[in-house]
Structure formats: C-alpha cells, structure tokens
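Descriptive structure summary
The chain contents come next:
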Amino acid sequence: MTRITDGMMVRTILRDLGSLEARLRTSQERAATGKDITRPSDDPFRAGRALALRSELEGIRQQQTNVGEATSWSDTTDGAIGRLGETALRARELIVRGATDTMSPTAREAVAAELDQLIAAAKQEANTAYDGRSVFAGTATAVRPYRDADDDYHGDDGVIAREIGPGVAIGINATGRQLLGGGVAAGDDRLLHVLRDAAAHLRAGDPAALSALRTSDLSRMDNVVDGLSQARAAVGAATNRLEIAGQRLALAEETATKLLSDVEDADMARTLIDLTTQRTAYEAALRAGAQIVQPSLLDFLR
Amino acid sequence: MSIGSFLGIETARRGLVAQQRALDTTGHNIANVSTPGYSRQGVALAAGRPLSIAGGGPQGGGMQIGTGVDVVNYQRVRDTFLDLQFRAQAMRLGDASARTRSLDQVELALAEPGDDGIGAQLGRFWSGWSDLANAPEAGAARQSVLDRAGTLAASINALDAHLSGVQAGARTELDVLVADTGDVRAYATELAGLNDSIAAAAARGAQANDLMDRRDTVLDKLSALAQVRVEDVPGRPGALTVFFADVDPAATPLVDGATPADAGAVRAWPLTLPASPGGQLGGLAALADTSSGPVAQYRAELAAVAQTLMTAVNRAYTADGTVAGNFFSAAAGNEAATLAVDPAVTAGNLRAGTGAGSNTTALRMAQLRGRPAPENGADDAYAALVTRIGSEVRAARREEVHAQVLSDAVEDRRQSTSSVSLDEEMTDMIRFQRGYQASARVMSTMDDLLDTLINRTGRVGL
C-alpha cells in the first residue's frame, strides 16, 4: 500500500496548482491577445503557414496601393489623350474650312494662326504631369516632352510598368512620340507634323498647296485622329485591366485575411469557456488543498 | 541456576530505555518532517538475550526466561533502487530543462508570428521596392528602400547575435559549473568528506543515517548535472566511489571511495567532459556546440537565408548589366552576422531602373517577393527556419514535461517510502509513551514485590 505523507500531500497540491496555473495562463494569453498561436512552438506548422499568409497579405496590400497609383496615372493619361483628340478634331475642321478656294488670304492666315494655337495647346496637353512627373515623356519623367521653341520630342520611349499581381506587371504609359510625334523634322505624319504642314499649305495659298490640303493633309489628319482614338482605347483597356486587378486583389485580400484569421486567431467563445472552466478548477483545487492540508491527527489528540 | 530477584527491575529498566530511545527517534523524525532528502528513521527493537534455567522444565530439561528488550539498530527507511531510478530521471530532466530554457530564448528572439519579426520586415522590404517602382524619381521612396533594407539586415544580424549569445551563455554556464570553484567540485569535495565520516562511523559499527541522507541528496543534485554511477568500496565499508559524466568503467572516478578526503579522493581538476555527459551539462554542451548543436544549426540556416536573400537581390539589382556594385554585401561564410546594405549604395545612387524615371530594377526586385528558389527562396527558407525552431522548442518542452512527470512519479514513490508522516509519528508517539508508562508500572510493581519481601517478610505477628 502506498504511504501518503504530509510532504507528499503538499507536493502534490503544489504541482497540481502549478499545472492549473500554467493552463490558466495560456488561456488568459489567448483571450488577451485574441491569438491562438503567439509563438512558433504553439503550433509550428500553423506558425509557418501564418508567416506565408502574412507575407502574401503584405504583397496584396502593396499591389492594391500600386493599382490605385496606376489607376490615377491612367486617368490622367486618359483625360489628356481625350483632350488631344478634341484638339485634333477641331484642327481637322479648320483644315476642311481653310481648304476652300474661295477663302481670302487674310481669312486663311487667321485659320493658320488658329492651327498654330492648337499646336501650342496640344504640346501643352502633352506636357501633362501627374504628381510632378510628365506622363507622356516615357521614363524621362523629369523633363517636359515638348518645348515652345521646337516641335522635337524630348522624352524617351521607355515603358512605365506597375506591379499589379505576383509576377504581373502592365505598362501604363503612352509616349508623346506616339501621340504628337516630333514635328516636321521627324517626318512621322503625326499630329504636329500634319498640323505644321497644313498651316504652311494654308499660308502658301497657291492651288497646289490647297489641293494638298484637301487631299493628303486631310487624310493624314484622319489617320492622326484614328491614332489618337486607338491610343485612348489602349489606355482604356489598361484602366479596365487595373480595375479587374483591383477587384481580384480585394477578393484575394479578403480570402487571405480570413485564412490568416483561421490559422492565427483564437476561437473566442471556446477560449472564454476554457478560461472560466479552468478558473473554476483552479479555485476548487485551492479550496480542496486548503482543506486537505489543515487537519492532522494532532487536532484530535489531547 | 536461579534467577536474581532484581531481574524484573532490570527488564523494566531496559523497557523504559528502549521506549525512550524510540520516542527520541520519533522526535527526530517529527523535527525533520520538512527537511529535504531526510529519510524517516526507525528503532529496530529485539527481545533481549534470554536467561537459561537449567532443570525444572516440563521434561526436566532447561528453560529460557526473557530479559526484556534491546535496541538493535537505528534504521533509515529508504529504497536505494528508487534512488537509482530517480537519478536517471533527474539526469534527463536536467538535460531537457537546460535545452528548453535556452531554446525558449531563441524562440522569443524570433518574435514570430508578429509584426516585428524578420518575416514582416522581409515583406516591408519588398514593399519598399514596389513603392519605389511607383515613384522611381522620388527621393523619399529611395530613402525608404534603404531604411527598410538596413532594418532587415540589422534584424538578421541581431538574431544571429542573439543565437550566438545563447551559445556563449550555455558555454559560460557550463564552464562555471565545472570550474575549480564550480558546483561539481564543491559537490565532489562534500562527497569525499561525507565518505570519510560515514566510513569512520561504519568502522565503529554504527550506521550514520543522517550523513547518508546528506550524501544521497548531494548525489541527487550531481545526477541532475550529468550521468552519475556509484560503487561500493570493498575495503572500506560505508564509503562510495562516484563516477561522473562517464560510463566508461575504467574512467577515473570523481570521488574515490577508497581514499580519505585529505589524501586526494577528489580527482584532479580541471575536469574534461566527454562528448555527451548527459544531464544539464550535456544539454548545455549541445547548446554551446558551435559546429553541430541545435543553435549552431539555426545559425547555419539563418546564414543560408541571408545568403539566399543577398544573392537574389544582387542578381536582380545588377540584371541590367549597367550597375557596377551590389546592393547587399556580407562576409562570405558569416552572412547572417555581416549582412548589410553595401556601403557604396546611397539614397542618391540607388538604382530604380535604367534611367531617371525608369523603374525596371525596382519592379524586378518587388516581384521577388515570396518567390521560391532559384529566383529568391529567402522568404521560404526563413519560414522553414521558424517552423523548425518551433518544432524543436515544442519537442524540447514536451521532453521536459515528460521527464518532469516521470521524475515526479519516482519522487512520489521515494517519498512514499522515506518521508515522515506526522500521523504515523503521532501514533508511534502514543505507542511508545504507553510502552514507557507500562514499563514504569512494571517497575513499581516489582518495587512493591520487593517491598513485600524486604519490609514485611518475617514480621508475622508484629
């Protein structure tokens, strides 16, 4: 038969209280932090998973920032190209009006002057900046792509891309060279080149010039207008893609957040019930301990 | 042979003395009810040597008459087999506790999963590049990338330094324990002294119960430190030869039981420990091991994380072929401790891309986030390290709990045999007190008899 002695009783009570306290502390920590795992050793596999999910979540949030940034950029680009399109249409009307033989030289000069104004306006539009960066200058965002002095394009052909998903980047810029071109010197049949030619033909006023105005200038102008619409459509497509990416990222964020919560967070109802149960057990153990330790044979001897 | 008239008084006297000794022992037990390592003692009583009476028996043969009680011995109640079991568990517990204590620190230093761990900082580092890709011209974004890279590198350095600190701490603790002035030697000296006293008592035919308790307590403490083996010494009863931290029978004992303390019973110092001494020393030795211990392996893995990160980042940073310098630099073979942003990289010359507003480099860097090897692999390797440390801490803690439970179970059985029960002692006290009273009564009855004989005999009619 096992002898039970006073020392053993005290040891057992202390040990039991100690283990109850340890469990109580774990539950309390869970309830206080709301986390099921506060250290890797609580559940090594889940801790590794939590780490991966946190990293994924950080990436998703960053990509959401990127998408927002890229959308603003696209909106700026889209607005500017839209206004360039309007300018081109207005210029086409002027060319059609100025191409009539009946117009006086003075009137033609006035139309040519208005074309000059439209050229200046288009160049100004092409100098549009977002957050201090020229949007149509390729990657040379610090420079204004067009100057008043000449029609040359001063930007580069660099592509500006934004990361909108893991390993997914899309280009979001259009360059001045594609839209306005480099003027007569470049000979690229873009907006500036065509408008400069048209203004020159108007000012020359001879039948050959007027004929060129009616035929080649007008058809080239049509191409320019088409080109601008296409450029705008491309920007629109990019904006669309950004929007879809944004929706996908929002969904991904929701999923990752939920997964992370499943992995990391404590089940509050269960934790609180555990906590209450353990506190009851602890109090019962304390009371029982106090009652067991007290009496001995000494109390009953004279 | 006739029987002396005073035999009865003598018998009663011996009864009184024996009961008093038993009461003394009970008092001793009660006094030591909470002394650690104390084994309850008992008085071994035996009926005294009887007197033989020649003739007068039923068949005319001899008879024997009892002469009361003798105290044969004072015994301590102890099971040496349980001591062996306890010491085996104490050794396991010492090992597991030492490991758990240090590995806990390692785990705390990780600060995972959380917002301050290296995992989160890696994430912020990649995000920094992504921000730079959004605004490659901005000085603030460049500075932010540099700051985040610096913090990440510093965190890896700090974790490595912490791990190295854990190793150094274990080494120091180990060195202190086995030093000239350390616990091991102090215990050994105490054992040698106790051996002398116990052997001297044994030579006088006495059993030194309380000294043996003390010796067992010291052996318990010693066994928590490392493997302990004891042997009796044939030529010197009572003394024990103690082998420490070594299972090799030919090894020099820590304390040589055949030699008196002042003649060099304690082995020569310094003590050279074998590869796995077991116990706390074994745990500490494994932690301090700089080539194959658990902490050494964590450091190697952390260095691999730093190395992978550095390779991936530098490859992406220089991929255009137009950059001369790397982004991260570190001393080869010691990447975790020395990883840093290359001193040549500044906020001014940090490359975001091929030109002023180009973000190709930053974009390439941002897309390394969470990519597996061979592109990156640092995030994965770090997560694997965290999982591994978590598993091993968990295993160490479980081992400690297991050893604690077993050691408690053995200790309970030991206590069940050896520790003092006040109820029992109280009962004994009543028993011995009553025995004493009864013996005294026998004596006064004998006195009455003699009174009758001496004072009243031959006085008929007076």
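Residues numbered from 1 in each chain as written. Chains lettered and ligands numbered in written order. Predicted model: local features only at pLDDT ≥ 70, side-chain atom pairs only at ≥ 80, totals over all residues. Heavy atoms only, no water.

Remarks on the overall build of chain B
- Across its full length, chain B carries twelve helices and eight strands.
- Relative to its length of 462 residues, chain B is extended, with a C-alpha radius of gyration of 39 Å against a globular reference of 23 Å.
- With the C-alpha coordinates of chain B rotated into their principal frame, the extents come out at 145 × 45 × 35 Å.
- Burial status across chain B gives 45% buried among its 462 residues.
- For chain B, the share of sequence-separated contacts (at least 6 apart) that also reach a separation of at least 24 residues comes to 69%.
- Approximately 21,000 Å² of chain B is accessible, and the part contributed by carbon and sulfur atoms is 55%.
- Treating the 40 positive side-chain charges of chain B as one cloud and the 52 negative ones as another, the clouds have centres 4 Å apart. (Helix = DSSP H or I, 4+ residues; strand = E, 2+ residues; numbered from the N terminus. Rg over C-alpha atoms; globule rule 2.2 N^0.38 Å. Buried < 20%, exposed > 50% of the residue type's maximum accessible area, 1.4 Å probe, protein only. Contact = heavy atoms within 4.5 Å. Areas by Shrake-Rupley, 256 points an atom, 1.4 Å probe, with all protein chains shown as cover. Lys, Arg positive; Asp, Glu negative; His and termini not counted. Charge placed at Lys NZ, Arg CZ, Asp CG, Glu CD.)

A short note on the interface of chain B and chain A
- Between chain B and chain A, the residue contacts involve 54 residues of the former and 42 residues of the latter.
- The three residues of chain B that bury the most area against chain A are Pro 113, Asn 134 and Ser 416 of chain B, which together make up 16% of that side's buried surface.
- Scanning the region where chain B abuts chain A turns up eight salt bridges.
- Linking Arg 15 of chain A and Asp 412 of chain B is a salt bridge whose minimum nitrogen-to-oxygen distance equals 3.0 Å.
- At the boundary of chain B and chain A, one finds 25 residue pairs in polar contact (both at pLDDT 80 or more).
- Sorting the residues of the side of chain B that touches chain A by element identifies helix 2 (80-110), helix 3 (118-134), helix 10 (360-366), helix 11 (378-418) and helix 12 (422-456) of chain B as the ones contributing at least two each.
- Grouping the amino acids of the side of chain B that touches chain A by side-chain chemistry returns 17 nonpolar, 19 polar and 18 charged. (Buried area = accessible area lost by both parts, 1.4 Å probe. Salt bridge = Lys/Arg side-chain N within 4 Å of Asp/Glu carboxyl O. Polar contact = N/O pair within 3.5 Å; in protein donor to acceptor, adjacent residues only side chain to side chain. Nonpolar A, V, L, I, M, F, W, Y, C, P; charged D, E, K, R; others polar.)

Thoughts on the packing of helix 2 of chain B against helix 4 (residues 139-178) of chain B
Residues and elements named next belong to chain B.
- Running from amino to carboxyl end, helix 2 crosses helix 4 at an angle of 165°, the nearest separation of the two axes being 10 Å. With respect to helix 4, the axis of helix 2 lies roughly antiparallel. Taken as a pair, helix 2 and helix 4 cross one another with a handedness that is right-handed. Mapping the contact onto sequence places Arg 101, Ser 102, Gln 105, Val 106, Ala 109 and Leu 110 in helix 2 and Leu 159, His 162, Leu 163, Val 166 and Glu 173 in helix 4. (Axes fitted to C-alpha atoms, helices over the stretch in contact; angles between N-to-C directions. Parallel < 35°, antiparallel > 145°, perpendicular 65-115°, else oblique. Left-handed = near helix turned anticlockwise from the far one by under 90°.)

Focus on the packing of aromatic side chains
All names here are of chain B.
- Under the defined criterion, the tally for this structure stands at ten aromatic pairs over all chains.
- Note on Trp 129 and Phe 327: the rings are 5.3 Å apart at their centroids and 65° apart in plane angle, and the pair reads as edge-to-face. Of this pair, Trp 129 sits in helix 3 while Phe 327 sits in the loop between helix 8 (294-317) and strand 7 (328-329), placing them 198 residues apart in sequence.
- Site record: aromatic cluster; members linked through ring pairs are Phe 125, Trp 126, Trp 129, Tyr 317, Phe 327 and Phe 328.
- Taking the ring centre of Phe 243 as reference, the NZ or CZ of Arg 229 above it sits at 4.2 Å.
- In this structure, Arg 414 is placed above the aromatic ring of Phe 86, and the distance from its NZ or CZ to the ring centre is 4.0 Å. (Phe/Tyr/Trp six-rings, centres within 6.5 Å; stacked < 30°, edge-to-face > 60°. Lys NZ or Arg CZ within 6 Å of the ring centre and 35° of its normal.)

Regarding the confidence of the model for chain B
- Residues at a pLDDT of 70 or more form 97% of chain B, whose mean pLDDT is 90.
- Model confidence for the complex is summarised by a pTM of 0.85, with the ipTM given as 0.86. (pLDDT = per-residue confidence, 0-100.)

Remarks on the pattern of salt bridges
- Inspection of every chain in the model, using the stated rule, returns 60 salt bridges over all chains.
- In this structure, the salt-bridge partner of Asp 131 of chain A is Arg 133 of chain A, at a minimum N-O distance of 3.3 Å.
- Take Arg 133 of chain A: its relative accessible area is 4%, and that puts it in the buried class.
- Through salt bridges with shared partners, a single network forms among Arg 76, Arg 78, Asp 83, Arg 87, Asp 213, Asp 216, Asp 220, Glu 411 and Arg 414 of chain B.

Details of the nonpolar core
- Counting 91 residues, the largest nonpolar core has Trp 129, Phe 244, Leu 309, Phe 327 and Phe 328 of chain B as its most contacted members.
- Take this core: its biggest share by element is 14 residues, from helix 4 of chain B.
- Excluding residues within four positions of it along the chain, Phe 244 of chain B makes contact with Val 184, Leu 222, Leu 225, Ala 226, Gln 227, Val 228, Leu 254, Leu 271 and Leu 281 of chain B.
- Core analysis: the next-biggest nonpolar cluster, separate from the first, contains 58 residues, Tyr 146, Ala 174, Leu 249 and Leu 260 of chain A among them. (Core = buried A, V, L, I, M, F, W, Y, C linked by side-chain atoms within 4.5 Å.)

Examining the side chain of Thr 239 of chain A
Residue and element names in this part refer to chain A.
- When you line up the elements, Thr 239 lands in helix 7 (residues 207-264).
- Among the residues examined, Thr 239 registers a relative accessible area of 16% and is labelled buried.
- For Thr 239, the contacting residues outside a window of four places in its chain are Ser 74 and Asp 75.

Points about helix 3 (residues 105-126) of chain A
Residues and elements named next belong to chain A.
- Look at helix 3: 31 Å from first C-alpha to last across 22 residues, which is about the 32 Å you get at 1.5 Å a residue.
- By the burial criterion, the buried members of helix 3 are Arg 108, Val 111, Ala 112, Leu 115, Leu 118, Ile 119, Ala 122, Lys 123, Glu 125 and Ala 126. Projected down its long axis, helix 3 shows its buried positions confined to an angular sector of 155°, all on one face. Facing away from the buried side of helix 3 by more than 90 degrees, the exposed set consists of Thr 106, Gln 117 and Gln 124.
- Those residues of helix 3 that are buried are in contact with helix 2 (44-98), helix 6 (191-204) and helix 7. (Expected span 1.5 Å × (residues − 1). Arc of directions from axis to C-beta.)

Focus on the packing of helix 5 (residues 183-203) of chain B against helix 6 (residues 209-225) of chain B
All names here are of chain B.
- Across the interface, helix 5 lies against helix 6 with an axial gap of 10 Å and an inter-helix angle of 155°. Judged by the inter-axis angle, helix 5 sits roughly antiparallel to helix 6. Judged by the sense of rotation from one axis to the other, the crossing of helix 5 with helix 6 is left-handed. In this structure, helix 5 uses Asp 183, Val 184, Tyr 187, Glu 190, Leu 191, Leu 194, Asn 195, Ser 197 and Ile 198 to contact helix 6, whose residues at the interface are Leu 211, Met 212, Arg 214, Arg 215, Val 218, Leu 219, Lys 221, Leu 222 and Leu 225.
- In terms of residue class, the contact of helix 5 with helix 6 is built from eleven nonpolar, two polar and five charged.

Comments concerning a nonpolar patch on the surface
Residues and elements named next belong to chain A.
- Residues Ile 4, Met 9, Val 10, Leu 14, Ile 292 and Val 293 make up a contiguous nonpolar surface patch of about 510 Å² in total accessible area.
- When contributions to the nonpolar patch are tallied by element, the ones reaching two or more residues are helix 1 (6-33) and helix 8 (268-293).
- Sort the elements by how many residues they give to the nonpolar patch and helix 1 lands first, with three residues.
- Here Ile 4 lies in the segment before helix 1. (Patch = residues over 30% accessible without salt bridge, like charges linked within 9 Å, V, L, I, M, F, W, Y side chains within 5 Å.)

Some words on the environment of Asp 265 of chain A
Residue and element names in this part refer to chain A.
- Examined against the element boundaries, Asp 265 turns out to sit in the loop between helix 7 and helix 8.
- Of the residues examined, Asp 265 reaches a relative accessible area of 27% and is grouped as partly exposed.
- Sequence separation between Asp 265 and Gly 165 is 100 residues, and the spatial gap between their C-alpha atoms is 27 Å.
- The contacts of Asp 265, once residues within four sequence positions are left out, are Gly 34, Lys 35, Asp 36 and Leu 260.
- For Asp 265, the side chain forms a polar contact with the side chain of Lys 35, separated by 3.1 Å.

Concerning the side chain of Asp 83 of chain B
- Mapped onto the fold, Asp 83 of chain B is located in helix 2.
- Side chain to side chain, Asp 83 of chain B and Arg 78 of chain B meet in a polar contact 2.9 Å long.

As for unusual backbone geometry
- The step from Glu 112 of chain B to Pro 113 of chain B runs through a cis peptide bond, and the omega angle for that step is -10°.
- Following the sequence through the fold, Pro 113 of chain B ends up in the loop between helix 2 and helix 3.
- Cis geometry is adopted by the peptide bond preceding Pro 374 of chain B, which originates at Ala 373 of chain B and carries an omega value of 5°.
- For Pro 374 of chain B, the position within the fold is in the loop between helix 10 and helix 11.
- Positive phi values are uncommon outside glycine, yet Asp 189 of chain A reaches one of about 60°.
- Mapped onto the elements of the fold, Asp 189 of chain A is located in the loop between helix 5 (183-186) and helix 6.

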